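# Observations on the three-dimensional arrangement
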Amino acid sequence: MANTNLQFKTNYVVDSKIEPFYKGGKVQISKDENYIFCTCGTRVNVLEISTGKIVHTVEHEDQEDITSFALSCDDEILVTASRALLLKQWDWRQAQCTRSWRAIHTVPVASMTFDSTSTLLATGGCDGTIKLWDVVKQYCTHNLKGSPGVVHLVQFHPDISRLQLFSSSQDCGIRLWDLSSSKCVCVLQSHYSAVTSLSFSPDGDTMVSSGRDKICTVWDLKTKKAKRAVPVYEAVEGVVMLPVDEDLSQIGVKSKDMHFITAGSKGELRVWEASTARCVYAQTLGSSLSASSEEEEDDPRGLTHLLHLPASSRLATVTAEHNIVLYQLPALSTQQQFVGYNDEVLDVKFLGKGDSHIVVATNSSQLKVFELLTNSCQILYGHTDTVLSLDVFKKGSLFASCAKDRSVRVWKMDSDSGQVHCVAQGSNHANAVGSITCSRMKASFVVSGSQDCTVKVWDLPADLSTAGAEIQQLTPRATEKAHDKDVNSVAVSPNDKLLASGSQDRTAKLWSLAWEGGVSLLGVFKGHRRGVWAVCFSPVDQVLASSSADGTTKLWSLQDFSCLKTFEGHDASVLKIIFVSRGTQLLTSGSDGLVKLWTIKTNECVKTLDAHQDKVWGLHSSQKDNKIVTGSADSNITVWVDVTEVELAEEQAKQEDQILKQQELSNLLHEKKYLKALGLAISLDQPHTVLNVIKAIRQSENGHELLEKTLLKLRVDQKESLLRYCVVWNTNARNCQNAQAILQVLLTHLQPEELLQYQGARAHLEGLIPYTERHMLRIGNLLQASMFLNYMWQKMRVAGAPASMGQDEDMDTTPLAQPFFMIDKEKGMGSDGEEKQDGEDSDGGQDEDLVKKEEDEEDNEVSATNKSTNNNNNNNGGIANGKGAKTNGNHHSESEESSEEEDPEEEDQTTVKVVKCLPVSSAPECQTSAS
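Residues numbered from 1 in each chain as written. Predicted model: local features only at pLDDT ≥ 70, side-chain atom pairs only at ≥ 80, totals over all residues. Heavy atoms only, no water.

### Quick notes on the overall build of the protein chain
Of the regular secondary structure elements, the protein chain holds 11 helices and 60 strands. The buried share of the protein chain, reckoned over its 931 residues, is 52%. Considering only intrachain contacts with a sequence separation of at least 6, the fraction spanning at least 24 residues in the protein chain is 48%. When the accessible surface of the protein chain is totalled, it reaches about 43400 Å², and 47% of it is carbon and sulfur. (Helix = DSSP H or I, 4+ residues; strand = E, 2+ residues; numbered from the N terminus. Buried < 20%, exposed > 50% of the residue type's maximum accessible area, 1.4 Å probe, protein only. Contact = heavy atoms within 4.5 Å. Areas by Shrake-Rupley, 256 points an atom, 1.4 Å probe, with all protein chains shown as cover.)

Here's what the structure looks like:
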């Protein structure tokens, strides 16, 4: 087979990742224009524009979604609002919360903005109110009421000396607030749908508003009246007033009149002249985009945000597919593109010289080409339905794609500029094209497999590499009915002589491509129990690998079509398979989210890569065979690098160290050396492990005293870590008791001044307050419910009492599980005043003796039940006394009378009988034991 001196791959580690960083919501660019801030669920991600990397992430500890955020104009303060109605102020460069406070709004905050001095923060809530906060002096300055419905837009006038705030809500009006008087000066009425954005002129006297009613309105802020309504014929999401001191003639600005640019549902930028309401420039989306006569409501090309970067003369747009695109003025040329969310990744391949790029097919009709160094992305338009499969020619600058639109396309990357354009296309299939493969020797043909059960061979033009802007049309050289069901995979042999196909009909087939005019069947590979997902030729041997939905991978001989080896290890379908290490090893990916590395000679899985949470559809190896790239249905793309033996040894040493520390921790807990165990757990920085140690301490004998003694012996840095963990534990009702036990010790024994010296202590303590209040409220509700249950229980017990018993008699309210006492004159007390216990509960015979004695000496018996009722509120007062469960309510009444008439001198000769009551959940009977 292969060279035996070749070193097998043993491990891959993650080199880089392309993960979702924006899933909709607000986007803001820093004043210095170096960072993009955007929301992604519970996080605000900070994207560095120059590198395309996520450099900072801010996340709420309570895991609540962030509803809005705002970055101050000096780029120093970031404030976020979550569904928990908390506002948090961040040092975003350190990802540390410096302050948190209640938003006062009764429902989540929908919009936020800072003024130009970075001291005032305005928050618009879903409750129709607007709050203004002084973030320096830390108090609420204004509470503006009167907006109907959700306040989805708040914006300060750029001239702070005017003390004006603009807002818009459900009535589609623009409210102008005078902050000096806290009153609404006027409501600017022009729009009939939601107002989406505002833009001001440099002098601050003119404003342009945009709305989803397809109208932009120019306002005179001196007269507070509309100067002109400009129909723009699309729902506008963003408007920016263009500067007047720049030469923008390339985008149609020919005069000094006011011009503004709009972004909306059509997905293109358009420039408008305000005085004439005329569109002077419309962006060209490209010839590959099919123009539709009717506007689509959910067009993925639609724009949702438009931002101006004045320092660098750029514009930024955000698309409905969560792509962020930067354009350079004055030509509006595309400068950078970032993909915020990839959706499901269906295929991925290395591309370009030195594997500098990757091309990705997602659950979309667009292809995305990422530059790995900067994560900048080109979005390729051409297919009209979801792209399903990709393959790259040997040189790496030419690749092919196929899609549900029944077409195949060939794309070329320019070696100098890195730009990719379509050079050829063909569409002769009768159904979706699910797989494609390229010739291996040179770029001479491609083969496609379709759901119409056919394979087609497409010859490429000889002048393809020098093709101009015109897209050449491809016609199939050969078409063959290959299988009885969908063709899932096709592969060409390294010498371009053979073709393999895998199908949903559970078979793989081998075809000859040498036959002129078509393909001829050479043999069938049978053995898989379910559909075949992928086929791949070995680069060095005459074998074929296939993977199937039955969870297995098989190696087949090309000579006699027999199965040579079977690899089993995936728990579900094996979706992709490739050869690495010159054909001596296999990489497989499955719908279980795993990638497995197999050594063919030993039939052994030597490594399992677990970086995805869903189906791994994409799997490809670089030309140098030192990297692989995987793409998954979880929207993540991961580049892996083959590590050296030294790096592997270091990683193994770390793992062994972790294992040893875990074993040491287990031994310390077993030996009840809790202080060392707690310190070791904190050093591992594993909150769950620390929690287990705390639970072990509290469950031991004298747990509270032991916990207190242990915590007070910790170092300051360990206490800081413990306080940080408590904030997280306190958010969970299951762990809050452990957190509160720790807090009780810390707050009891540490001075406030000392506690506030802890790193982040103020933010931690403020984060503890709302959840502690929630826990107290829950406990209070449970106590109230238990009191009601106790009251009902007492009423049920008194229901059988004689009529003489008044309804207003005091009821017992103490816990039912506590015992009550009865005085029996027949047995005396010990000299030390303690009860003498026989260690056994009374049996039936003892109950009969008690009945007889009580009948004989009924007048002399004294019951302590009534005393307990009057003095201790014991709720067992209504249960039988002296006879266990056999005494009725009449005896209880008689006991009270005898208790009042008893001679005090006889108390020394009495004994106490303990009546053990069952818990509330048990039957309401009592067991007695003589003391």
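Picking up where we left off.
### A word on the confidence of the model for the protein chain
Mean pLDDT over the protein chain: 82, with 82% of residues reaching 70 or higher. Contacts for the low-pLDDT stretch residues 287–297, under 50 throughout, to residues beyond four places or in other chains number 12 contacts. Segment residues 804–931: pLDDT under 50, and 184 contacts once partners within four positions in sequence are set aside and those in other chains are kept. (pLDDT = per-residue confidence, 0-100.)

### Some words on the packing of aromatic side chains
Per the counting criterion, the structure on display carries 10 aromatic pairs. Judged by centre distance (5.0 Å) and plane angle (85°), the rings of phenylalanine 37 and tryptophan 92 are edge-to-face. Residue phenylalanine 37 is found in strand E3 (residues 35–40), and its partner tryptophan 92 is found in the loop between strand E8 (86–91) and strand E9 (96–102); the two are separated by 55 residues along the sequence. Taking relative accessible area as the criterion, phenylalanine 37 reaches 0% and is therefore assigned buried. Judged by centre distance (5.5 Å) and plane angle (75°), the ring pair of tryptophan 533 and tryptophan 617 falls under edge-to-face. Here tryptophan 533 is found in strand E47 (residues 532–537), whereas its partner tryptophan 617 is found in strand E55 (residues 616–621), with 84 residues between them in sequence. (Phe/Tyr/Trp six-rings, centres within 6.5 Å; stacked < 30°, edge-to-face > 60°.)

### What to know about helix H5 (residues 716–729)
An α-helical turn contains 3.6 residues, so any two residues separated by three or four positions project in the same direction. Along its 14 residues, H5 runs 20 Å from first to last C-alpha, staying within 8% of the 20 Å computed at 1.5 Å per residue. Of all the 14 residues making up H5, 10 are buried; the element is thus mostly covered by neighbouring parts of the structure. By the burial criterion, the buried members of H5 are Gln718, Lys719, Glu720, Ser721, Leu722, Leu723, Tyr725, Cys726, Val727 and Trp729. In this structure, the buried side of H5 is in contact with helix H2 (674–683), helix H3 (687–699), helix H4 (703–712), helix H6 (736–749) and helix H8 (761–798). (Expected span 1.5 Å × (residues − 1).)

### Here's the deal with the environment of lysine 222
With respect to the element layout, lysine 222 can be found in the loop between strand E20 (215–220) and strand E21 (225–231). Residues lysine 222 and aspartate 205, 17 residues apart in the sequence, show an inter-C-alpha distance of 6.2 Å.

### Overview of the nonpolar core
By size, the foremost hydrophobic cluster in this structure holds 33 residues, and its most contacted members are Leu678, Val690, Leu711, Leu722, Trp729 and Ile742. Of all the secondary-structure elements, those providing two or more residues to this core are helix H1 (645–670), H2, H3, H4, H5, H6 and H8. Apart from the residues lying within four places of it in its own chain, the contact partners of leucine 711 are Leu678, Ile694, Lys719, Leu722, Ile742 and Val745. (Core = buried A, V, L, I, M, F, W, Y, C linked by side-chain atoms within 4.5 Å.)

### Some words on the sheet that holds E8
With antiparallel pairing, 4 strands are arranged side by side in an open sheet as E6-E7-E8-E9. The sheet terminates laterally at strand E6 (66–71) and E9, the two strands that pair on one side only. Taking each pair of neighbouring strands and ignoring which way they run, the sheet shows an average axis angle of 20°. With 5 bridges connecting them, E6 and strand E7 (residues 78–82) associate as antiparallel partners. In the strand pairing of E7, serine 68 is matched with alanine 81. (Pairing = 2+ DSSP bridges. Axes fitted to C-alpha atoms, helices over the stretch in contact; angles between N-to-C directions.)

### Some remarks on the packing of H3 against H4
Closest axis-to-axis distance for the H3/H4 pair is 7 Å, and the angle between their directions is 135°. When the axes of H3 and H4 are compared, the pair comes out oblique. Contacts between H3 and H4 involve Ile694, Ile697 and Arg698 from the former and Gly703, Leu706, Leu707, Thr710 and Leu711 from the latter. Within the contact of H3 with H4, the residues separate by chemical class into 5 nonpolar, 2 polar and 1 charged. (Parallel < 35°, antiparallel > 145°, perpendicular 65-115°, else oblique. Nonpolar A, V, L, I, M, F, W, Y, C, P; charged D, E, K, R; others polar.)

### Comments concerning H4
Taken as a whole, H4 has its buried residues at Gly703, Leu707, Thr710 and Leu711. The arc that holds the buried residues of H4, viewed along the axis, is 95°, so those residues lie on one side. Packed against the buried residues of H4 are H2, H3, H5 and H6. (Arc of directions from axis to C-beta.)

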